[in-house]
Amino acid sequence: MKALLLIDIQNDFVPGGRLAVPDGDAIIPLVNALQPQFDLVVASQDWHPDGHESFASSHAGRAPFDHIDLHGLPQTLWPDHCVQETPGAALHPSLDTRRVEAIFRKGMAPDIDSYSAFYDNGHRKATGLTDYLRGRGVTDVYLVGLAGDYCVYFSALDAQAAGFAAFVITDATRAISAEGFEAARADMQTKGVRMLESSAVLGTVAR
């Protein structure tokens, strides 16, 4: 079975949001068009408590996009974003969620960030997504969403490492930076994640 994983298509990650990915909302019509091609559609949702330690505002004298060591892990400091129960944390209203069978929230532990939909950044705790997909008989995971050089990237690596065949639909994702996505893309391909365009999926029966 092939599953489509919608990564963090949330208000704070599109233009006008607190951590906007350039052109992030442009993928939504394509993501909606892709969904009927899959037997299973699952979403992830960044869901931070107020005052999360990945926020620059939690560190005196630090600015967004500074880099620090956070409890032994490298951490980029971000603007406050996707705070639980705020409009910015909500899935984008234009995203069709009628086929989404489950939403896996991440980033809830205040002292560690979580880019991947599968694990926190230290691989200390799993979200349960791996077991859920295995329980549904999924073999192939196709990823779309935001941002290509962070949450899509780390989710794809974890999917591949878990034994799924992982595919990133490149025209249905957007990155914080083009250079960052090129580096992420090269690393993903080295580790077996495959890149494809939506045209390879649309119009096919993904079974």
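Throughout, residues of each chain are indexed from 1 in the direction in which the sequence is written. A pLDDT threshold of at least 70 governs which residues receive local features in this predicted model, and a stricter bar of 80 or more applies before side-chain atom pairs are shown or counted, although totals over entire chains, interfaces and linings include all residues. With hydrogens and water set aside, each side-chain value is computed from the structure's full complement of heavy atoms.

S.K.: So what exactly am I meant to see when it comes to the UniProt feature "domain: Isochorismatase-like" (unreviewed entry) in the protein chain here?
M.R.: Under the local residue numbering, the UniProt record ascribes the feature "domain: Isochorismatase-like" (unreviewed entry) to residues 3–197. Secondary structure elements are defined from DSSP: runs of H or I of at least 4 residues count as helices, runs of E of at least 2 residues count as strands, and each element is numbered from the N terminus. End-to-end, the C-alpha atoms of residues 3–197 are 16 Å apart, and along that stretch the chain is 19% helix and 24% strand. UniProt positions are given in the numbering used here, feature names are shortened, and annotations may be inferred rather than shown by experiment.

S.K.: Explanation requested: the layout of surface pockets in the structure shown.
M.R.: A probe as big as a water molecule, rolled over the atoms, marks out the empty space that is left. Residues are called lining when one of their atoms sits within 4 Å of a cavity or pocket point, these points coming from a 1 Å grid over the protein atoms alone, where a cavity is a set in which a 1.4 Å probe fits but cannot get out and a pocket is an open set with protein on both sides within 12 Å along at least five of seven lines. Grid points are joined across faces, edges and corners, and a volume is the space filled by probe spheres set on the points. By volume, the largest pocket amounts to about 230 Å³. Along its surface, the largest pocket is lined by 13 residues, and M108, A109, I112, D120 and K125 are the ones closest to its centre. Asp, Glu, Lys and Arg are counted as charged, while Ala, Val, Leu, Ile, Met, Phe, Trp, Tyr, Cys and Pro are counted as nonpolar; the rest, among them Gly, fall into the polar class. Its residues assigned to classes, the lining of the largest pocket comprises four nonpolar, three polar and six charged.

S.K.: It is not clear to me how the sheet that holds strand β2 (residues 40–46) should be interpreted in this structure. Could you clarify?
M.R.: Paired through their backbone hydrogen bonds, the strands of a sheet run either parallel or antiparallel. Taken together, six strands build an open sheet; the order of strands is β5-β2-β1-β6-β7-β8 and the sheet is parallel. Edge strands, defined here as strands with exactly one partner in the open sheet, are β5 (100–106) and β8 (194–196). Along the sheet, successive strands turn relative to each other by an average axial angle of 25 degrees, direction set aside. What makes two strands pair is DSSP finding at least two bridges between them. Pairing analysis gives five bridges linking strand β1 (residues 2–7) to β2, with the strands arranged parallel. Interaxial angles span 0 to 180 degrees and are taken between N-to-C directions of axes, which are lines fitted to C-alpha atoms, for helices over the stretch in contact.

S.K.: Explain the packing of aromatic side chains to me, please; I cannot follow it from the model alone.
M.R.: Aromatic ring pairs are reported here in terms of the distance separating the ring centres and the angle at which the planes meet. Two rings belonging to Phe, Tyr or Trp (six-membered ring only in the last case) form a pair when the distance between their centres is within 6.5 Å. Interplanar angles under 30 degrees mark stacking, angles over 60 mark edge-to-face geometry, and anything in between is tilted. In this structure the tally under the stated criterion is nine aromatic pairs. Centroid distance Y153 to F154: 4.7 Å. Interplanar angle 55 degrees. Geometry classified as tilted. Feature note: the residues F65, W78, Y115, Y150, Y153 and F154 constitute an aromatic cluster, connected by ring pairs. For the cation-ring pair, R105 lies above W47, with the distance from its terminal atom to the ring centre recorded as 3.6 Å. Counted as over-ring charges are cases with an Arg CZ or a Lys NZ within 6 Å of the ring centre that also lie within 35 degrees of the ring normal.

S.K.: What is the right way to read empty space enclosed by the protein from this model?
M.R.: Inspection of the entire model under this criterion finds two cavities of 30 Å³ or more. Empty space within the largest cavity amounts to approximately 130 Å³. Considering the residues around the largest cavity, the lining is formed by 15 residues, among which F13, L19, W78, Y150 and C151 are closest to the centre. When the residues that make up the lining of the largest cavity are grouped by side-chain class, the tally is 10 nonpolar, three polar and two charged. What the second largest cavity holds in volume is close to 40 Å³. Every residue lining the second largest cavity is listed: L70, H71, L73, Q75, D111, I112, D113, N121 and R124. Looking at side-chain class alone, the lining of the second largest cavity contains three nonpolar, three polar and three charged residues.

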